[in-house]
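As a plain string of letters, each chain reads:
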Amino acid sequence: MQEVELFEYAVIRLVPRVEREEFINIGVILYCRGQRFLQMRYTLDASRYTLLFPDVDVADLHSYLAAFQQVCEGRGGDITAIAALPPAERFRWLTAKRSTMIQTSAVHPGRCANATAALDRLYSQLVG
């Protein structure tokens, strides 16, 4: 039986007009130090986003999310210095407050025996 571990997660949000503070949950990022786990899941539903927010630049949105994914996975690209950080520091960078089109919620704690299953459950509840 797997040991139950502490994890932290944040919801990834699309905030097309920062000044209005309107957002749609589009993903979840989860970090579990005990399981050496840092992953994110997101949905890129361009037709839904442009219906609700016609000014959303889907190409920019895709680029931002791809950069988030690179940092999360520790891959290089244009963000090599950040992607080279240890997982805990990458998680903190990804969940830092920012005033851009992609933002994250406050960080929340939880406990799980399987971080992948916890990510799937949170994604289903908060995004799906």
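My aim in this report is to walk through the structure given alongside it, one point at a time. Model, not experiment: these values are computed from the prediction.

Cut-offs and rules
- Residues numbered from 1 in each chain as written.
- Predicted model: local features only at pLDDT ≥ 70, side-chain atom pairs only at ≥ 80, totals over all residues.
- Heavy atoms only, no water.
- Buried < 20%, exposed > 50% of the residue type's maximum accessible area, 1.4 Å probe, protein only.
- Helix = DSSP H or I, 4+ residues; strand = E, 2+ residues; numbered from the N terminus.
- Arc of directions from axis to C-beta.
- Contact = heavy atoms within 4.5 Å.
- Expected span 1.5 Å × (residues − 1).
- Polar contact = N/O pair within 3.5 Å; in protein donor to acceptor, adjacent residues only side chain to side chain.
- Salt bridge = Lys/Arg side-chain N within 4 Å of Asp/Glu carboxyl O.
- Axes fitted to C-alpha atoms, helices over the stretch in contact; angles between N-to-C directions.
- Parallel < 35°, antiparallel > 145°, perpendicular 65-115°, else oblique.
- Nonpolar A, V, L, I, M, F, W, Y, C, P; charged D, E, K, R; others polar.
- Core = buried A, V, L, I, M, F, W, Y, C linked by side-chain atoms within 4.5 Å.

Remarks on helix 4 (residues 87-94)
In an α-helix, one turn spans 3.6 residues; hence positions three or four apart end up facing the same way.
No. 1: Restricting attention to buried positions, one finds in helix 4 the residues Arg90, Phe91 and Leu94. Around the axis of helix 4, the buried residues are gathered within 100° of arc, so they sit on the same side.
No. 2: Among the structural elements, strand 1 (5-14), strand 2 (24-32), strand 3 (37-42), helix 2 (58-73), helix 3 (80-83) and strand 4 (102-104) are those in contact with the buried residues of helix 4.

Some points on helix 5 (residues 115-126)
No. 1: Taking 1.5 Å of rise per residue, the 12 residues of helix 5 would be expected to cover 16 Å, and the 16 Å separating its terminal C-alpha atoms lies within 8% of that figure.
No. 2: Contacts made by the buried residues of helix 5 are with strand 1, strand 2, strand 3 and strand 5 (108-112).
No. 3: Looking at where helix 5 begins, the residue whose side-chain oxygen comes 2.9 Å from the main-chain nitrogen of threonine 116 is asparagine 114.

Digging into the environment of arginine 13
No. 1: Within the secondary structure layout, arginine 13 lies in strand 1.
No. 2: In the structure, arginine 13 is positioned 11 residues away from isoleucine 24 in sequence and 5.5 Å away in space, judged by C-alpha atoms.
No. 3: Filtering out sequence-adjacent residues up to four positions away, arginine 13 remains in contact with Phe23, Ile24, Asn25, Ile26, Met101, Ile102, Gln103 and Ser105.

A word on the pattern of salt bridges
No. 1: With the rule as written, the count across this model stands at 5 salt bridges.
No. 2: The shortest N-O distance in the salt bridge between glutamate 19 and arginine 17 comes to 3.2 Å.
No. 3: Residue glutamate 19 is classed as exposed on the basis of its relative accessible area of 58%.
No. 4: For the salt bridge of glutamate 73 with arginine 75, the shortest nitrogen-to-oxygen distance reads 2.5 Å.
No. 5: A residue is classified by how much of its surface remains accessible, and glutamate 73, at 42% relative accessible area, is partly exposed.
No. 6: Accessibility expressed as a relative area gives 40% for arginine 75, which makes it partly exposed.

A look at the packing of helix 2 against helix 4
No. 1: Relative to each other, helix 2 and helix 4 sit at 155°, their axes nearing to 9 Å. Viewed along their axes, helix 2 and helix 4 adopt a mutual orientation that is roughly antiparallel. Of helix 4, the residues touching helix 2 (which contributes Phe68, Val71, Cys72 and Glu73) are Arg90, Trp93 and Leu94.
No. 2: Its residues assigned to classes, the contact of helix 2 with helix 4 comprises 5 nonpolar, no polar and 2 charged.

Some words on the nonpolar core
No. 1: Grouped together as the largest cluster of nonpolar side chains are 21 residues, with contacts concentrated most on Ile12, Ile26, Ile29, Leu61 and Ile102.
No. 2: When residues of this core are traced back to their parent elements, those giving at least two are strand 1, strand 2, strand 3, helix 2 and helix 4.
No. 3: With 5 residues, the top contributor of residues to this core is helix 2.
No. 4: When sequence neighbours within four positions are dropped, the list of residues in contact with leucine 61 reads Leu14, Leu44, Tyr49, Val56, Met101 and Ile102.
No. 5: Judged by nonpolar contacts, the second largest core, of 13 residues, contains Val28, Phe37, Cys112 and Leu119.

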